[in-house]
Amino acid sequence: MSLAELSLRRPVTAVMFFISLVVIGLLAAFRLPLEQFPDVNVPFVFVSIPYPGSTPQEVERQITRPVEEALSTLPGIKMMNSQSQSDSSGVFIMFSDWDRDISITASEARDRIDAIRSELPSDLQRYFVQKFSPNDEPLMRIRFASDRDLKGSYTLIEHLIQNRLERIPGVARVDITGAPPPEVEIAIDPMRLAAHNIGLNELSSKLLAVNFSVSAGDISTDQRRIRVQPVGEVKTIEELQNLPLNDSGLKLSDIATVRYKLQRQDFGRRLDGRAAVGVDVFREQNANLVNVAAAIDAEIELIKNEPELDGIKFIKVDDGAESVKSSINELIEAGVIGSLLSIMVLFYFLRHWPSTLMVSLAIPLCIIITLGIMYFSGMTLNVLSMMGLLLGIGMLVDNAVVVVESIYQYREKYPDNPMLCAIEGTRSVQLAISCGTLTSIIVFLPNLFGAKNFISIYLSQVAITITISLLASWLVAVSLIPMISARLKTPPAITHAHGFIPALTRNYGRFLHWTLAHRGYALFGIFLIIMASVVPFKHTKFDMNSNEVGRELSMYFKWNGAYSLNQMSDEVAKIENFIDERRDRYQVRQIYVYFSEQGWGGMNLSLREDLRSCGSFVSRAILLFNRDFLCAKSSEQIQEMIRAEIPKFARAEVGFQGGGGPGGGGGQDNTVEVFLSGDSTEALKQIGTELIPVLAKQPELRDVRLDSGDENSELRVSVDRERAAALGFSAQEVAQYVS
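Report on the accompanying structure. All values reported here derive from a predicted model rather than from experimental measurement.

How each quantity is defined
Residues numbered from 1 in each chain as written. Predicted model: local features only at pLDDT ≥ 70, side-chain atom pairs only at ≥ 80, totals over all residues. Heavy atoms only, no water. Helix = DSSP H or I, 4+ residues; strand = E, 2+ residues; numbered from the N terminus. Expected span 1.5 Å × (residues − 1). Buried < 20%, exposed > 50% of the residue type's maximum accessible area, 1.4 Å probe, protein only. Pairing = 2+ DSSP bridges. Axes fitted to C-alpha atoms, helices over the stretch in contact; angles between N-to-C directions. Parallel < 35°, antiparallel > 145°, perpendicular 65-115°, else oblique. Left-handed = near helix turned anticlockwise from the far one by under 90°. Contact = heavy atoms within 4.5 Å. Core = buried A, V, L, I, M, F, W, Y, C linked by side-chain atoms within 4.5 Å. Salt bridge = Lys/Arg side-chain N within 4 Å of Asp/Glu carboxyl O.

**Brief notes about unusual backbone geometry**
For step 1, the next point in the chain: Its identity is not glycine, yet Asp272 carries a phi of approximately 55°, on the positive side.
For step 2, the next point in the chain: With respect to the secondary-structure elements, Asp272 resides in the loop between strand S11 (267–271) and strand S12 (274–275).
For step 3, the next point in the chain: One non-glycine residue, Gln587, lies in positive phi territory at about 55°.
For step 4, the next point in the chain: Structurally, Gln587 is set in the loop between helix H22 (583–586) and strand S16 (588–596).

**Quick look at helix H21 (residues 565–581)**
For step 1, the next point in the chain: Between its first and last C-alpha, H21 extends 24 Å over 17 residues, near the 24 Å set by a 1.5 Å rise per residue.
For step 2, the next point in the chain: Among the residues of H21, Leu565, Met568, Ser569, Glu571, Val572, Ile575, Glu576, Phe578 and Ile579 are the ones counted as buried.

**What about the pairing of strand S3 (residues 88–95)?**
For step 1, the next point in the chain: Along S3, 8 of the 8 residues are buried, which leaves the element largely enclosed by surrounding structure.
For step 2, the next point in the chain: Residues Ser88, Gly90, Phe92 and Met94 of S3 are buried on one face, and the alternating residues Ser89, Val91, Ile93 and Phe95, pointing to the opposite face, are buried as well.
For step 3, the next point in the chain: Relative to S3, strand S2 (residues 77–84) runs antiparallel, the two being bridged by 7 bridges. The partner of Gln83 across the bridge, within S3, is Gly90.
For step 4, the next point in the chain: What sits between the antiparallel neighbours S2 and S3 is a turn of 3 residues.

**Things to note about the packing of helix H13 (residues 362–376) against helix H18 (residues 454–485)**
For step 1, the next point in the chain: Running from amino to carboxyl end, H13 crosses H18 at an angle of 130°, the nearest separation of the two axes being 9 Å. It follows from the interaxial angle that H13 and H18 lie oblique. Once H13 is placed against H18, the crossing between them reads as right-handed. Counting all contacts with H13, which are made through Ala362, Leu365, Cys366, Ile369, Thr370, Ile373 and Met374, the residues of H18 involved are Thr465, Ile468, Ser469, Ala472, Ser473, Val476 and Leu480.

**Considerations on the sheet that holds strand S18 (residues 652–656)**
For step 1, the next point in the chain: If you walk across this open sheet you meet the 6 strands as S12-S11-S16-S17-S15-S18, and the pairing is antiparallel. In this open sheet, the two strands that pair with only one neighbour each are S12 and S18.
For step 2, the next point in the chain: Note that strand S15 (residues 552–559) and strand S17 (residues 601–607) share 5 bridges and pair antiparallel. Each bridged residue has a counterpart across the sheet, and for Met555 the counterpart in S17 is Met603.
For step 3, the next point in the chain: Set on the sheet, H21 makes contact with S11, S15, S16, S17 and S18; between it and S16 the angle comes to about 165°.

**Points about the nonpolar core**
For step 1, the next point in the chain: Ranked by size, the top nonpolar core spans 40 residues in total, and within it Phe144, Ile161, Leu165, Val279, Ile296 and Phe314 carry the most contacts.
For step 2, the next point in the chain: Elements that contribute at least two residues to this core include exactly strand S5 (140–145), helix H5 (154–166), strand S6 (171–177), strand S13 (277–283), helix H10 (289–303), helix H11 (320–350), H13 and helix H14 (383–396).
For step 3, the next point in the chain: Tallying contributions element by element places H10 first for this core, with 7 residues.
For step 4, the next point in the chain: Ignoring anything within four residues of it in the chain, the contact list for Ile161 reads Phe144, Leu156, Val279, Ile303, Leu309 and Phe314.
For step 5, the next point in the chain: Val397, Ala422, Ala477 and Leu488 belong to the second largest nonpolar core, which has 34 residues in total.

**Structural notes on the pattern of salt bridges**
For step 1, the next point in the chain: Evaluation of the coordinates by the stated rule reveals 23 salt bridges.
For step 2, the next point in the chain: We note a salt bridge from Arg583 to Asp272, for which the minimum N-O separation is 3.4 Å. Of this pair, Arg583 sits in helix H22 while Asp272 sits in the loop between S11 and S12, and the two are 311 residues apart along the sequence.
For step 3, the next point in the chain: By relative accessible area, Asp272 is classed as partly exposed at 38%.
For step 4, the next point in the chain: A salt bridge links Asp580 to Arg583, with the nearest nitrogen and oxygen atoms 2.8 Å apart.

**Things to note about the sheet that holds S5**
Backbone-to-backbone hydrogen bonds pair the strands of a sheet. The strands run either parallel or antiparallel.
For step 1, the next point in the chain: If you trace the 4 strands from one edge of the open sheet to the other, you get S6-S13-S5-S14, paired in antiparallel fashion. Either end of the sheet is taken by a strand with one partner, and the two such strands are S6 and strand S14 (313–319). Across this sheet, the average inter-strand angle for adjacent strands is 20°, counted without regard to direction.
For step 2, the next point in the chain: Two strands pair when backbone bridges link them, and S6 and S13 are joined in this way by 6 bridges, in the antiparallel orientation. Paired with Thr177 across the strands is Gly278, a residue of S13.
For step 3, the next point in the chain: The strands touched by H5 are S5, S6, S13 and S14; relative to S6, the strand with the most contacts, the crossing angle is about 165°.
For step 4, the next point in the chain: Its contacts with the sheet put H10 on S5, S6, S13 and S14, and the angle it makes with S5 is roughly 20°.

These results come straight from atomic positions and should not be treated as a statement about function.
Here it is, written out as C-alpha cells:
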C-alpha cells in the first residue's frame, strides 16, 4: 500500500499526523536558539603567556622557544606560529583535524607546558590556553558619554553596572574598558631610605610578607574542632602607611608616600574625541542571543535611573542581537515575498484557487516541519540555516505541482472517480519526483561528508535545511496532496480548449516536434548557447567574499618608531580632527580610535545610514530640483576620498585595512598576508623591508606595510660582576634593585 492509498483510506490519521508535526514544529520554532552564525568547533588553540617588564628577545629565548618545542609534540599540528613581545608571548596552533575535541587538545597543551614549567622563568606567574569560537565576540558593547571624566569611575561602574549585568541569566561576564581599576602606589624617597639604612630589596621582601592569609590547620577538643587561619591582609591604606619597618618605630609613611592611583594603561581608546569608557557584555555559549540582549536592555533602562549615573549617556556601539534580528527579518521578508510570487505564478497556470492554495500549503507545512527537526537535531536558527530555508521555498512546491498535474490528467479521463485518479496519478509520477528530490539532495553530500573547513561547515547548515525541507515536500506531495485533491472538484480550466495555457501547450508540442525532426539544427543551437555562456564566464571574478565595503571603514596606524602613550594620543588627535572637520563631507556618524604603546592602533569610521543612495531614482529626481540635497555616497567613494585627501603624518603611516587589529577593528578582510620564517629576526626584518617597495609597485596591491611587532626602545643595563661583588651585591640583587 502506497502513502497515497494510506492517506486516502485513513484521512483522519493522515490529517492528525500532519497536525502533530505542525504543532511540534511551531513549539520548537519558538524554542530554537537565534544565532548570527553556527557554533563551530574550530581546531585552533592560542597559548598566551604574560611576562611584563622584559624584551622581545628575552621573551623569545626564555619562553617562546621552550613552549614551542613542548607544544610541537601535540599530534595533528598543521601550522604553528608565535609572537614575542616585551610583555608577553603568544603561540598559535592550527590542527588539521576538524573533528577533534578541541577541549581535550587544550588540556593536552596545558599538560605539555606544565611539564616544562621548571625550564621557564621563576617569576612567570600564569599562562592561558584559549579556544576559538565565532560566538566568543561580545554580545553587546556599551560606551558611556558624559561631560565629566569617567576614567576614574571604575568602582562606580563595577558596583552599579557590571555587577548588575553579570546577574542576568545567560550573561557569562562583563568587562570594563577604558576605566582602569585603582591601585596602591608606594613612592619611595631614596634619600630617606638611605638615611634609615634600609635596603630596597629588604623593604620589598617585607612588603611581600606583610600581606598574607594562610591556613594553620585545626584545633581539636573533646567537644568541637576549630579551624585556625592566621590573617595578615592589609585592608586599608592607613594600615599600610603605619606599617612598622624596624624596632625604632620607623613607619612606611616616613620613607614613602602611600596613595591610591589609577592603574597605568599602555593603550587608549576614544569615541568621538572622548575617552571610550564602557562595558563589553559576553553571553554564555548556549544562551539565546536575542533573549539575553532583551534582558540586558531592560536592566540598562533600570540602571539609568540610578542618581549616581545622572548625566551619563549609554551608547550601544555594537549589538549582536540587532544585527541577527535585522538579518533574519530581511530574510523572512524576502521569503514572504518569494512565497507570494510563487503562489501568483501557480495561480496563473492552474487558474483554480482551491488547487493553488492546496499546492501552496506545502510551503508553510514544510518550513514548520523543518524547524521542528532542526530543534531536535540541536541546530540553531541562524543566517545560514535561514538562507537554506529560503533557497528551498521555490523547490517545495515542485513535487506538489507535478502530482497535481498528473492527478488532473487522470481526472480528465475518469471525471467520476476522483479516488482512483488520486491514487493512479500519484503512482505514475512517484518514482519521478523521488528521483528528482534525491538528485537535488545528493549535490550537498560533499558538504556533509567531505573535507571539513569553515566553508563546508557553514554550507552544511544550508545543505541540512534544504535536505529536510525537500524530504518534507516529498512526503506532503505523495500523501497529503492526493488526499485533498480527491475531495476537490475538477478545475474548469482543464476542460477549456482556448486560452494562453492551452496555446502554450500546443506551441511547446510543435517546438518539440521540430527539434526531433531537425536534430542537427537543435544540437547546433544548443552548442551556440553554451559557447555564448563561456565568454561572460571567463570574465567572472572569483572571490570568497563580495568586494562591497560595509557602512563602516577601518583604518590602521603604523608607527614609525617607539613613542609614549601621550605622543601617540597627540598624533591620533590630529587624524581625528582631520576627519571630524570633514564629518559632513565624508558622511561620518561616529569616530572610534584605539592605540597602544605596543605598536598597534587604528580607527573605525561608522558612516551615516539615514541617507538615500545617490544612485536611486528618487535621489536623482530630487537632485534635479535641489542641488544641495545630500545623498549617501558609497563606502568605496568615501574611502577613496579620504585616501586621496588625508595628509602625511610624521609619527605614523595611515591607511585602510580589511580586517580588524588588536583592540578593535572590523569590516571585511581583503588583506593578503605573507609570512617570512627563519632563525634571525633581524635578517627577516631586513628582507621584509626590501620586499615592501617591490610589492607596493603591483597595481593590485595598496597599503602595503611591514608588521615586525613591538619596536619599543630599550635601555640595557650590564652589571659589572667584580665591582658588584666588591660592594657586597650579586648580579641578581642588582637586577632586582633596578626593577
